[in-house]
Amino acid sequence: MAYIVFAFKALCLSLLFIVVASRSTVRPKVFNVQRHGSKPDGKTDNANAFTSVWSRACRRKSGSSKIYVPKGTFYLGGVEFVGPCKNPIEFIIDGTLLAPANPSDIKQDTWINFRYINDLSISGSGTLDGQGKQSWPLNDCHKNPNCPKLAMTMGFAFVNNSYIKDITSLNSKMGHFNFFSVHHFNITGVTITAPYKNPNTDGIKMGSCSNIHISNTNIGTGDDCIAILSGTTNLDISNVKCGPGHGISVGSLGKNKDEKDVKDLTVRDVFFNGTSDGIRIKTWESSASKILVSNFVYENIQMIDVGKPINIDQKYCPHPPCEHEQKGESHVQIQDLKLKNIYGTSKNKVAMNLQCSKSFPCKNVELIDINIKHNGLEGGSSTAVCENVDGSVRGKMVPQHCLN
């Protein structure tokens with residue numbers, strides 16, 4: 001009897017092992033978009049074919065799916081990929097996705113949009129070509145409140161536990177990658193490029209996000225390399241090259257009501273080359289909301305010919321009438337900010353601008369081993385400007401600090 005029981009248990013364990021092993025070796029189902037009706041001729045709109053493939057992959061219950069875009073140029077009108085999906089989806093792009101050149105042909109805020117998805121991966125050697133050249137002259141929002149709304153290249157909203165790797169984004173109409181309410185997302189090995197004279201072509205823009213990691217990425221645009229907006233927390237940026245562009249910017253903050261705190265940012269091993277700004281925090285001088293910006297660490301940062309290497313601007317107001325009229329102090333509190341081993345050259349004499357709010361002075365700003373020399377036409381050594389800031393200093397300090 002004992003032998004029979006033992007044999008039965010052994011048989012059950014063997015069957016269980018076979019089931020588990022078979023599950024672990026199940027390969028994802030591959031959906032090659034070209035085999036499902038897409039044409040890589042650079043002119044046929046493949047939006048319907050792509051969304052059809054997505055729908056099939058998303059609702060598949062028996063395992064993960066892989067959507068494959070082979071080499072070739074796939075013209076694509078505005079498209080949305082919406083979940084939730086039954087299983088993880090891998091989107092491999094080895095070809096070129098080509099946006100409409102005419103901005104009015106995209107009838108949505110983002111050219112390619114992913115929403116309500118978990119466990120999404122996007123990778124490959126391919127390119128997202130936003131064809132922004134025709135759109136850039138239309139971007140006059142700094143002087144025209146009725147300026148046309150241009151589409152960003154790729155957006156993620158309510159996407160979690162996902163990543164994007166190795167893709168190139170070229171010539172966006174507006175920003176390249178936009179993230180809203182995205183959590184636990186990795187961005188690595190990505191290349192982002194747009195001419196430096198074209199406005200609002202931000203590289204990576206995010207708001208209301210958490211636990212984002214950006215690494216080993218090259219960004220050169222006509223606006224912020226990375227823009228960090230309201231409600232973003234636990235952001236880690238490492239081994240990023242930025243230039244041209246406006247640096248890594250927190251803000252602008254405080255313009256709108258009900259904005260949220262921005263906390264726990266780490267920027268390390270970053271190289272700024274020829275940017276207008278490097279480390280930048282900007283808050284509106286007349287704030288509509290009272291929020292906290294705290295626990296920031298900037299470490300091992302190299303600046304080469306940067307206009308404003310270190311720039312805290314709590315009197316930000318770029319459009320009239322603010323240029324001629326003081327509207328009040330910022331209500332954004334900046335505190336617990338560490339800058340360590342920041343070095344290189346500044347185009348302007350003022351290499352360190354810490355212009356904080358009189359109503360909410362910056363608190364606990366640590367400066368450790370700063371060495372930024374002036375390398376501009378004005379001549380003379382680099383200088384620092386401080387307003388309403390309290391903190392501490394250790395190590396080498398060029399320019400000479402001006403903390404309280």
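For the structure itself, consult the block above.
Residues numbered from 1 in each chain as written. Predicted model: local features only at pLDDT ≥ 70, side-chain atom pairs only at ≥ 80, totals over all residues. Heavy atoms only, no water.

Bringing the overall build of the protein into the picture now. Each helix and strand in the protein was counted, giving two helices and 28 strands. For the protein, the spread of C-alpha atoms along the three principal axes comes to 85 × 65 × 40 Å. Evaluated residue by residue, the protein yields a buried proportion of 48% over its 404 residues. Restricting the contact set of the protein to residue pairs at least 6 apart, pairs at least 24 apart contribute 76%. Entry remark: accessible area of the protein is about 18700 Å², with carbon and sulfur atoms responsible for 50%. Averaging the locations of the 44 positively and 34 negatively charged side chains of the protein gives two centres separated by 8 Å. (Helix = DSSP H or I, 4+ residues; strand = E, 2+ residues; numbered from the N terminus. Buried < 20%, exposed > 50% of the residue type's maximum accessible area, 1.4 Å probe, protein only. Contact = heavy atoms within 4.5 Å. Areas by Shrake-Rupley, 256 points an atom, 1.4 Å probe, with all protein chains shown as cover. Lys, Arg positive; Asp, Glu negative; His and termini not counted. Charge placed at Lys NZ, Arg CZ, Asp CG, Glu CD.)

Overall, the coordinates contain four disulfides when judged by the stated rule. In this model, Cys356 is linked to Cys362 through a disulfide, with the two sulfur atoms separated by 2.0 Å. The S-S bond linking Cys356 to Cys362 shows a torsion near -95°; that makes this disulfide left-handed. Each member of the pair, Cys356 as well as Cys362, is classed as buried. Here Cys386 engages in a disulfide with Cys402; their sulfurs sit 2.0 Å apart. For the disulfide bridge between Cys386 and Cys402, the dihedral angle about the S-S bond is near 80°, and by the sign convention the bridge is right-handed. Of the two residues, Cys386 sits in strand 27 (residues 383-387) while Cys402 sits in the segment after strand 28 (389-398), which places them 16 residues apart along the sequence. Judged by its relative accessible area of 26%, Cys402 is partly exposed. Left unpaired, Cys209 is separated from the closest cysteine sulfur, that of Cys225, by 18 Å. (Disulfide = S-S within 2.5 Å.)

Let us now look at the packing of aromatic side chains. Evaluated as defined, the whole model comprises 14 aromatic pairs. Residues Phe158 and Phe180 carry aromatic rings whose centres are separated by 5.7 Å and whose planes lie at 90° to one another, so their mutual orientation is edge-to-face. Placement of the pair is Phe158 in strand 10 (residues 152-165) and Phe180 in strand 12 (residues 177-180), with a sequence separation of 22 residues. Assessed through its relative accessible area of 32%, Phe158 is described here as partly exposed. Here Phe180 falls in the partly exposed class, since its relative accessible area comes to 40%. Arranged with centres 5.1 Å apart and planes meeting at 75°, the rings of Phe179 and Phe185 form a pair that is edge-to-face. Both residues of the pair, Phe179 and Phe185, belong to the buried class. (Phe/Tyr/Trp six-rings, centres within 6.5 Å; stacked < 30°, edge-to-face > 60°.)

Our focus in this paragraph is the environment of Ile228. Relative to the helices and strands, Ile228 is located in strand 17 (residues 226-228). According to the relative accessible area criterion, Ile228 is buried, its value standing at 1%. Expressed as a C-alpha distance, the spacing of Ile228 and Ser249, which sit 21 residues apart in the sequence, is 6.1 Å. Contacts of Ile228, omitting those with residues within four sequence positions, involve Met206, Leu235, Ile237, Ile248, Ser249, Val250, Gly251, Val262 and Leu265.

What follows covers the nonpolar core. Phe114, Phe156, Ile237 and Tyr298 are the most contacted members of the largest nonpolar core, which totals 90 residues. Contact partners of Phe114, with chain neighbours within four places excluded, come to Trp54, Phe81, Phe91, Leu120, Ile122, Met154, Gly155, Phe156, Ala157 and Val159. (Core = buried A, V, L, I, M, F, W, Y, C linked by side-chain atoms within 4.5 Å.)

The next thing to look at is helix 2 (residues 47-58). When the terminal C-alpha atoms of helix 2 are compared, their 16 Å separation across twelve residues agrees well with the 16 Å that a helix rising 1.5 Å per residue should span. Listed as buried for helix 2 are Ala47, Ala49, Phe50, Val53, Trp54, Ala57 and Cys58. Axial view of helix 2: buried residues confined to an arc of 165°, hence all on one face. (Expected span 1.5 Å × (residues − 1). Arc of directions from axis to C-beta.)

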